[in-house]
Amino acid sequence: MKLAAGKYVIADPCYILNEEVYFRLLKETNYFMYEAVDRGGVMVDSNTGKYFAVFSTKYGDGTYCDGKGFKYGVDAGCIACIPAEMCELGEDREYINEVEFPRDFEVRYEDGLIVYGHVIINTDPDDFYEEEDSYEDVA
């Protein structure tokens, strides 16, 4: 699967889409095709005609890293690659990666790896997963 060259935002879609767009896309895409063999895929926004990709993480919510150490906070169980013009970014961009792809690029999910061109995010907790909640015993 491929997406066209351009500026994209890679993050949990609940962080980068306004609420109305987010819930409309969930409905249109059957929850970003979570049940698909590839745990997501390339989809199209019926309002704009823009293509985007979303893949669910291997084990759900948490914080995951890409190969360059950028951290992605996840609260909706997935990480998306969405054209920048579809996104509404606030001031807090800690877990939001803005990337320009100079040419068309591949997107895929492969056993815990989410691949958006040169951005490879490992969602397998044995490698780069960090649980945000602390489970220390309380005395």
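Our subject is the structure listed above.
What comes next is a walk through the structure.

## What about the packing of aromatic side chains?
The relative placement of two aromatic rings is captured by the distance of their centres and the angle of their planes.
So, step 1. Overall, the coordinates contain nine aromatic pairs when judged by the stated rule.
So, step 2. Between Tyr-22 and Phe-32, the aromatic rings sit 6.2 Å apart at their centres with planes inclined by 55°, giving tilted as the arrangement. One end of the pair, Tyr-22, is in helix 2 (residues 19-28); the other, Phe-32, is in helix 3 (residues 30-33), with ten residues separating them in the sequence.
So, step 3. Here Tyr-22 falls in the buried class, since its relative accessible area comes to 12%.
So, step 4. Residues Phe-55 and Tyr-116 carry aromatic rings whose centres are separated by 6.0 Å and whose planes lie at 35° to one another, so their mutual orientation is tilted.

## Focus: the sheet that holds strand 10 (residues 113-116)
Backbone hydrogen bonds hold the strands of a sheet together, and the pairing may be parallel or antiparallel.
So, step 1. Strands sit in the order 1-9-10-11-5-6 across an open sheet of six strands; the sheet is antiparallel. Each edge of the sheet is formed by a strand with only one pairing partner; in this case those strands are strand 1 (2-3) and strand 6 (71-74).
So, step 2. Across four bridges, strand 5 (residues 62-66) lies against strand 6 in antiparallel orientation. Paired with Tyr-64 across the bridge in strand 6 is Tyr-72.

## Overview of the environment of Gly-67
So, step 1. Locating Gly-67 in the fold gives a position in the loop between strand 5 and strand 6.
So, step 2. Residue class for Gly-67 comes out exposed when judged on its relative accessible area of 71%.

## Overview of the side chain of Thr-29
So, step 1. Positionally, Thr-29 belongs in the loop between helix 2 and helix 3.
So, step 2. Side-chain polar atoms of Thr-29 contact the backbone oxygen of Leu-25, separated by 2.6 Å.
So, step 3. Reaching out from Thr-29, the side chain makes a polar contact with the backbone nitrogen of Phe-32 at a distance of 2.9 Å.
So, step 4. Not counting chain neighbours up to four residues away, the residues in contact with Thr-29 comprise Met-43 and Phe-52.

## Points about unusual backbone geometry
So, step 1. Positive phi, close to 45°, is recorded for Asp-111, a residue that is not glycine.
So, step 2. Note on placement: Asp-111 falls in the loop between strand 9 (105-110) and strand 10.
So, step 3. The exposure class of Asp-111 is exposed, given its relative accessible area of 58%.

## Points about the pairing of strand 11 (residues 119-122)
So, step 1. Two strands pair when backbone bridges link them, and strand 5 and strand 11 are joined in this way by two bridges, in the antiparallel orientation. The residue of strand 11 that forms the bridge with Asp-66 is Ile-121.
So, step 2. Where strand 10 meets strand 11, four bridges bridge the pair, whose relative direction is antiparallel. Bridge pairing in strand 11 links Val-115 to Ile-120.

## Observations concerning helix 2
So, step 1. Taken as a whole, helix 2 has its buried residues at Val-21, Tyr-22, Arg-24, Leu-25 and Leu-26.
So, step 2. Contacts from the buried residues of helix 2 go to helix 1 (13-16), helix 3 and strand 4 (51-56).
So, step 3. One side-chain oxygen of the residue at the start of helix 2 lies 3.0 Å from the amide nitrogen of Glu-20, identifying that residue as Asn-18.
So, step 4. Where helix 2 ends, the next residue or the one after it, Asn-30, has phi of about 55°, a positive value.

## Comments concerning the pattern of salt bridges
Side-chain pairs of opposite charge can arise where the charged atoms are in close proximity.
So, step 1. Here the structure, examined in full by the defined rule, presents seven salt bridges.
So, step 2. The closest approach of N and O atoms between Lys-50 and Glu-85, which form a salt bridge, is 2.9 Å. Highlighted residues: Lys-50 in the loop between strand 3 (40-44) and strand 4 and Glu-85 in the loop between strand 7 (78-83) and strand 8 (97-101), separated in sequence by 35 residues.
So, step 3. By relative accessible area, Lys-50 is classed as partly exposed at 32%.
So, step 4. As a salt-bridge pair, Asp-111 and Lys-58 come within 3.0 Å of each other at their nearest N and O atoms. Taken together, the positions of Asp-111 in the loop between strand 9 and strand 10 and Lys-58 in the loop between strand 4 and strand 5 put the pair 53 residues apart, joining distant regions of the chain.
So, step 5. Several salt bridges share partner residues, and in doing so they unite Arg-24, Glu-28 and Asp-45 into one network.

Rules of the game
- Residues numbered from 1 in each chain as written.
- Predicted model: local features only at pLDDT ≥ 70, side-chain atom pairs only at ≥ 80, totals over all residues.
- Heavy atoms only, no water.
- Phe/Tyr/Trp six-rings, centres within 6.5 Å; stacked < 30°, edge-to-face > 60°.
- Helix = DSSP H or I, 4+ residues; strand = E, 2+ residues; numbered from the N terminus.
- Buried < 20%, exposed > 50% of the residue type's maximum accessible area, 1.4 Å probe, protein only.
- Pairing = 2+ DSSP bridges.
- Polar contact = N/O pair within 3.5 Å; in protein donor to acceptor, adjacent residues only side chain to side chain.
- Contact = heavy atoms within 4.5 Å.
- Salt bridge = Lys/Arg side-chain N within 4 Å of Asp/Glu carboxyl O.

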